[in-house]
Every structure is written in C-alpha cells, then in structure tokens.
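Structural description and commentary
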Amino acid sequence: MQGNTARMGMNMGAGSEAQNRTLDFWLTSIDDGRLRLPSFQRGVAWDAKRVRSMLNTIIHDLPLGVALVLNVGDKEQFASRALHTAPVKTGEVEEHLLDGQQRLTALYRALRDNDDKVTYFLHFPELDDDPRNDDQDVSIWIQKRWDKRGTRFPVWADSPRDCLHRGLIPVRLLDPTRDETGVWVGQATSHLDPGDHIESVAEYKRLLSEANALRDQLKELIAQKREIVKHFNLPYLRLPASTSKETALSVFVNMNTNAKPLSPYDIVVAELEGATGRRLKEMEVGLVAELPRLGRYLDPSNAVLQTSALLQGKVPDQRGFFEMDYAMLVENWQRMTDGLRRALRTIESIRIFDGERLPSAIPLPVMAALLADEPDEGDRRAVVDRLMRRYLWRSFFTNRYEATAASRAASDHKGLSELLTGESGAYVPVFDDALYPLPGTRELRSASWPKSRRSVPRAILAAANYFGARDLADDTPLSAENVVHREYHHVFPHQLLTDAGIDSMLALNCVLITWKTNRSIGRLDPLTYLEKRAAVAPEADDVRDRLASHLVPYRFVAEAGPYVDPPGEALRRTVQPDFDAYLDERAELIRRFMLQACEGRHPQLRDVLSAAAQPPST
C-alpha cells in the first residue's frame, strides 16, 4: 500500500509531496467529524494480527506509510460516513479519507478499546511476574474477548492488578486525546499500599516508598509510549477540492490494494444509493429474473454499467461509469432492460447460445443501447435487426475489439446511432474495410482452436454452428439447452495429425458435437472416424447432411484415407494433401458465409454450399 501510494503521489502534480500529520491530529479530526469516509469505502477488513503489527510499528516509532485525503471544499462530492465506531457528527466535513481507512480505523478502535472481540495490550517484560517472558522485547499482545451471560471474559483483562502481574498495559492508555494513566496505575497498585495493620513507621514508609516507586515507573513507561503515539507522524497526500469526482475515484481504485479491492461496480453501487436511495444490487436481481439468459453471455453487473454508460453518451469504461448521472441510470432502467432483451434475441437469432462460444461480448451493450428505443415489430424492426446482425458479424470476424475495446465500442455506437437516425455522413469504424478488413481464406485457415478467447476462431465456430450443427450421433441440432453439453472435436483426428507432425488445433478442424464414449479411436481416417462416432455407421447421405450443418465439406472428408503409414514423414506425405484440401474447401465455405452474414443477411445453406462467392458491398 505504501509503495502504491508513493508511486501514485508522483503523478499528482507539483503539490503532491507527502505532508506531515500526527496521530493526535488524525484522532481529533475523526472525533470531530471533520474526517469522514466516502460511502463507497468497504467496512473493516483487518484482523487482529494485522492490527498488532501496525501497533508494534507505531510504538517503536517506525514509518507506517502514506494516507490520501480529498479536500471537501464547499460541498461533499460523495455521500460519506464516520469511521467505524467513531461518533456521528453533524458538523462541517473537511476531508474524505481515500486511502488509509484500515490503518486509521484499526488504530482508533485499539486506542478506544471498543472492539468487543479483542483487547490490545502493551507488554513490558520487566513488569511481568513470569520469568519465562524476561527475554522478550516490549511489544503488543492480543487478548481475545467473549461475552457469556453478561460477563466479559477473561475477567482478568479488565482488572488493572491482574494485568500488571502479566506485565500488560492496555493500549487505550496511549490515546493522546485522553489520559487515564493516573486512574489505571492507582487501581493496579492500590493493593501495594501499606494498611493500618502496619505498626512500624519505618516499615510503613518502606512499603509506601516501594509502591510509589512502582507507580512512578509505570507512569514513566506509559508516558514515554504516549509521547511516541501522540507525535507519531502518519503523512498524507492531499487532493484539492477542485479534483473532479471521476479523477478522485480513479485514484482511489488504482491505489486500492486490499485482498478484495473495490471494483468500479462497487463504487457505483454506493454512489447510486447515496444519490437516489435505490439499491443497484436489488435492481440487478430483478433484471436477472426478467432476463435469466443474460448471465450466459455477460456478467449482469457489466451489462448494466456498460449499457447505462452508452445510453448517457459515455465510454463504457471506468471513467465513463464514474461520470454517469446516477439518477438518470435509474430513470433509464426500463430502457436498458428493453435494450438488453432485444440484444439477447439478436444474439440467439444467429445461433450463439452462451458466452463460451461468443466471439466477443463487447457488441452486446452497444446493441442494447441502440435497441433501447427501437420498435419491436414492423418494417423498422427488420431494417434495424439487419444492421445489428451486420454489426455483430463484422465485430466477430475482424480485430476491431482486440484492443481499446471500450473506446472503440463508444465510437461504433455513435456511428450506428447516426445511421439509425438517418444522419448524413454517419461513419461506423467497424464497417471500414480499409481499417478492419475481413479475413481471407489464408487467415481463416490459420485461425487457432476456438476454445481460445480470440474473436476470429470463435467466429468461425459460430459460422459453423449457424445451420444447426446437428450432432453426429443423435442428430439433435444445437440449442440453448444442449450447448453446454457439446464438446470440441477434431474432424481430422488429433492423434492422426499429431502422428503426421501436422498442427491439429485449427478452428477449421473443429466441430461442436456430443459424444461421451469411443474416445480412443486414434488415427482413423476422418469418415470412418465420424461414422464410428455416430454409433451405428449411418448411410453416407446422413453423414453428408450432418456434416453440412457444420459447414464441413463431405467430399474431402469421405475421400480422405485410408492412412496405413507409420507415424512420421511417410504419414505426413499421405495426410497433408488431404488435410490441405479439406482446409481450403472449408475455409471457402466459411468465407462465403462470412460475406453474407457481414452484410446483415440471413445466409442460406444451399447458397453457401453451391453459390460462387460474392464480393462484399461497400
């Protein structure tokens, strides 16, 4: 955390060098309500061991790190709250604590001794009656606490006399804003005062002198540590009140290094509730109930933020989320829901049924924002749906969203919106063939296995599934219900190609089918392999039709083999020509499909299988 803060401070401008501030000042600011937490901060996260480590750092006067505050100015930019267990003040708030919450909250609770689960003590070996502890250094000890029938255990932890026998001084005595030293020392040593039963004046004076000497020793030990705590420096960086809300939030997210750091969504949740009183997570539960298939493609939280940002003309990234008008987000909720519903229908209409097979999730929020206000029927819908399909397939088959996806999505959304409203000169970057050309047969041939998260390999699989992807065994077409049970299989068997020294992990060598047995077929020729996978070796026409539904060319598969050569170069010379011919033919089928789909049309299987390739329209 300290390193992060220091590095961040280097980028905050000339006035960003750390400034000194004592713990005394920090504690007083917390008590007075001048220092508060922005609402998006999480609750207490540190455990007792981490608090002990921090307290040891302080009592030995070692550096603790740097905090970060935001000057409030005339008006708080964020809804805020008091630090945990601090008094709720209604006075003027001067600062929001962006970084340092866990440290200051832990310190505040330890010094005020208001954690009902643990009490912190300062252990002095020279005061401990147990000789086994004589070789220890002065350090912080933890005592866990529990309540039973109204009594707080262990009882000795609340007895100054019993604590003293153990060499333990409550950490609360180090609180620089209050001084309970005299009272505690008196209670811890009162049993040492000589009683009336001492008849010898000399003995009475000796005992009293010893008791007072111990009291003076205790007070001196406590005073030394109190001075360290009081003047201990916890430096801070300050963001001026003129800092924009978005910048402050970005700095906070970048510096947040907890085990579970806050996400932009967490911050929006807190800010939206502070601004509108609505709970975003509850609204999201309703959205998922209304659109149960949304989660198959995109995390609902991301869908909400990205679509809402685009509806407000913002880039769907962290900065755009923080720039949103949260009251407008609530106002747009039904529009966003309607848009997401239409976007899901569009995705399902092209036979993509889950996120695992989705080439890119980026287009979904873009489409949702565009479709939010579009009619659900009539001629207008046909025109809009064709444009959406064109946008989808262009997104899938190009590298448009391989980098800087959020800003590119915003640019495409703007251009598509202008097209839909009929603005002259509308420009949609993803439609620009010069910048984002569709792949040729060579690029299609070299595309990697579609389980990777690259767009083009998954686009090839999506094209291959478009015509039903009938299972080679049970003949069932691909559906939203069975897609999760489908498996990625090699048309030319993996073992065969491996034995021949040929790369089998190509998108064009993949079909999505169901089969749970017979996985040790080895290096059979493709047609024999596929017929065996179909369990009862169906007629050739049946195999042909099923392969065609995957855009797999039957002729090249049927004529391949037999392969009887041993592994190595001889097998490669036999297999390579057949595999190359198969790849060439299937690449051409995928290309024909791609050209039609990227124009927004509904490709027809007969056209893809037989028609000559048509050049794309400009």
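Shown above is the structure to which this text applies.
All figures in this text were calculated on a predicted structure; none of them were measured in a lab.

With that out of the way, let us pick up the layout of surface pockets. In this structure, the second largest pocket occupies an estimated 330 Å³ of space. What lines the second largest pocket is a set of 16 residues, and nearest its centre among them are D47, A48, D115, V118 and Y120. Those elements that provide at least two residues to the lining of the second largest pocket are α3 (48-59), α4 (101-112), β5 (118-128) and β6 (139-144). Of the residues that constitute the lining of the second largest pocket, the class distribution is 8 nonpolar, 1 polar and 7 charged.

Attention now moves to unusual backbone geometry. The step from F153 to P154 runs through a cis peptide bond, and the omega angle for that step is -10 degrees. Following the sequence through the fold, P154 ends up in the loop between β8 (151-153) and α5 (160-165). For the peptide bond that leads from G561 to P562, omega is -5 degrees, which places it in the cis range. Relative to the helices and strands, P562 is located in the loop between α24 (554-558) and α25 (569-597). Of note in the backbone geometry, R149 takes a positive phi value of approximately 55 degrees without being a glycine. Structurally, the position occupied by R149 is in the loop between β7 (146-148) and β8. One non-glycine residue, A469, lies in the positive phi region at around 45 degrees. For A469, a relative accessible area of 0% gives the class buried.

Mapped onto the elements of the fold, L478 is located in the loop between α20 (455-465) and β11 (487-490). With 34 residues separating them along the chain, L478 and L512 place their C-alpha atoms 8.6 Å apart. Residues contacting L478, with those up to four places away along its chain left out, are R351, F353, N465, G468, A469, V483, R486 and L512.

A full pass over the atoms with the stated rule returns 15 aromatic pairs. Where W26 meets Y236, the ring centres are 5.9 Å apart and the plane angle is 85 degrees; that geometry is what we call edge-to-face. Note that W26 is positioned in helix α2 (residues 23-32) and Y236 in strand β10 (residues 236-239), a separation of 210 residues in sequence. A relative accessible area of 0% places W26 in the buried class. Under the relative-accessibility criterion, Y236 is labelled buried at 4%. Pairing W146 with F153 gives two aromatic rings, centres 6.3 Å apart and planes at 15 degrees, and the pair type is stacked.

So, about the packing of helix α16 (residues 363-371) against helix α17 (residues 379-397). Between two packed helices, the angle of one axis relative to the other and the distance separating the axes together describe the packing. The geometry of α16 relative to α17 is characterised by a closest axis approach of 11 Å and an angle of 165 degrees between their N-to-C directions. Taken as axis vectors, α16 and α17 run roughly antiparallel relative to one another. Considering only the axes of α16 and α17, their crossing is right-handed. Judged by residue contacts, P363, V366, M367, L370 and L371 of α16 engage V384, M388, Y391, L392, S395 and F396 from α17.

With respect to burial, helix α8 (residues 245-255) is a largely interior element, 9 of its 11 residues being buried. Taken together, the buried positions of α8 are occupied by K245, E246, A248, L249, S250, V251, F252, V253 and M255.

Hydrogen bonds along the backbone pair up the strands of a sheet, which may run parallel or antiparallel. The 3 strands lie next to each other as β6-β5-β9, forming an open sheet whose pairing is antiparallel. Each edge of the sheet is formed by a strand with only one pairing partner; in this case those strands are β6 and β9 (166-170). Averaged over neighbouring strand pairs, the angle between their axes works out to 45 degrees when direction is ignored. Alignment of β5 against β6, held across 6 bridges, turns out to be antiparallel. Looking at β6, one finds that V118 is bridged to K144. Packed onto the sheet, α3 meets β5 and β6 and runs at close to 155 degrees relative to β6. Running at roughly 125 degrees to β5, helix α7 (residues 201-231) makes contact with β5 and β9 of the sheet.

We now examine the nonpolar core. Within the largest apolar cluster, 132 residues are counted, with the highest numbers of intra-cluster contacts made by W393 and F397. Counting residues per element, this core draws most heavily on α25, which supplies 12 residues. Once you skip the residues sitting within four places of it in the chain, W393 turns out to touch I350, A459, A462, A463, Y466, F593, A597 and C598. Residues L23, L127, C163 and L168 belong to the second largest nonpolar core, which totals 51 residues.

Taken in spatial order, the 5 strands of this open sheet run β3-β1-β4-β2-β10, and their pairing is mixed. Each having just a single partner strand, β3 (80-81) and β10 make up the two edges of the open sheet. Relative to β10, strand β2 (residues 67-71) runs parallel, the two sharing 4 bridges. Considered in β10, the bridge of L68 is made with L237. Strands in contact with α2 are β1 (35-38), β2, β4 (95-99) and β10; relative to β1, the strand with the most contacts, it is inclined by about 70 degrees.

Right, let's talk about the pairing of strand β12 (residues 510-513) for a bit. Neither face of β12 is open: one carries C510 and L512, the other V511 and I513, and all of them are buried. In this structure, β11 lies alongside β12, joined through 4 bridges in antiparallel fashion. Opposite H489, over in β12, you have V511 as the bridge partner.

Below, the discussion takes up the pairing of β9. Counting buried residues in β9 gives 4 out of 5 residues, a clear majority hidden from the surface. Two strands pair when backbone bridges link them, and β5 and β9 are joined in this way by 4 bridges, in the antiparallel orientation. Bridge pairing links H123 to L168 in β9.

Quick look at the pattern of salt bridges now. By the definition in use, this model includes 46 salt bridges. With a shortest N-O distance of 2.6 Å, R112 and D175 are connected by a salt bridge. Here R112 is found in helix α4, whereas its partner D175 is found in the loop between β9 and α6 (181-189), with 63 residues between them in sequence. By relative accessible area, which is 14% here, R112 ends up buried. Of the charged contacts in the structure, one is a salt bridge between R546 and D475, with a shortest N-O distance of 3.4 Å. Of this pair, R546 sits in helix α23 (residues 540-548) while D475 sits in the loop between α20 and β11; the two residues are 71 residues apart in sequence, bridging distant segments of the chain. Here the salt bridges do not stand alone but share partners, grouping R342, R345, D376, R381 and D385 into one network.

Parameters and conventions
Residue positions within a chain follow its written sequence, with the count starting from 1. Given that this is a predicted model, residues contribute local features only at a pLDDT of at least 70 and side-chain atom pairs are listed and counted only at 80 or more, while totals for whole chains, interfaces and linings are drawn from all residues. In computing side-chain values, all of the structure's heavy atoms are included and hydrogens and water are not. Cavity: a set of points on a 1 Å grid over the protein atoms alone where a 1.4 Å probe fits but cannot get out. Pocket: an open set with protein on both sides within 12 Å along at least five of seven lines, its lining residues, like those of a cavity, having an atom within 4 Å of a point. Grid points are joined across faces, edges and corners, and a volume is the space filled by probe spheres set on the points. In this text, helices come from DSSP runs of H or I with a minimum length of four residues, and strands from runs of E with a minimum of two, each type numbered from the N-terminal end. Under the grouping applied here, Gly and all other residues not named as nonpolar or charged are polar, the nonpolar ones being Ala, Val, Leu, Ile, Met, Phe, Trp, Tyr, Cys and Pro and the charged ones Asp, Glu, Lys and Arg. Burial here depends on accessible area, computed with a 1.4 Å probe over protein chains only, as a share of the maximum for the residue type. Under 20% is buried, over 50% is exposed, and the range in between is partly exposed. Between two residues, a contact is recorded if the distance between any of their heavy atoms is within 4.5 Å. Pairing of aromatic rings covers Phe, Tyr and Trp, the last counted by its six-membered ring, and requires centre-to-centre distances within 6.5 Å; plane angles under 30 degrees mean stacked, over 60 mean edge-to-face, and any other angle means tilted. Inter-axis angles, ranging from 0 to 180 degrees, are taken between N-to-C directions of lines fitted to C-alpha atoms, where helices are fitted over the stretch in contact. Relative orientations are named as follows: roughly parallel for angles under 35 degrees, roughly antiparallel for angles over 145 degrees, roughly perpendicular for angles from 65 to 115 degrees, and oblique for any other angle. Helix crossings get a hand from a simple test, with the near helix turned counterclockwise from the far one by less than a right angle marking a left-handed crossing and a clockwise turn marking a right-handed one. By definition, two strands form a pair when at least two bridges between them are found by DSSP. We define a nonpolar core as any set of buried Ala, Val, Leu, Ile, Met, Phe, Trp, Tyr and Cys residues linked to one another through side-chain atoms lying within 4.5 Å. Salt bridges, as used here, are contacts in which a Lys or Arg side-chain nitrogen is within 4 Å of a carboxyl oxygen on Asp or Glu.

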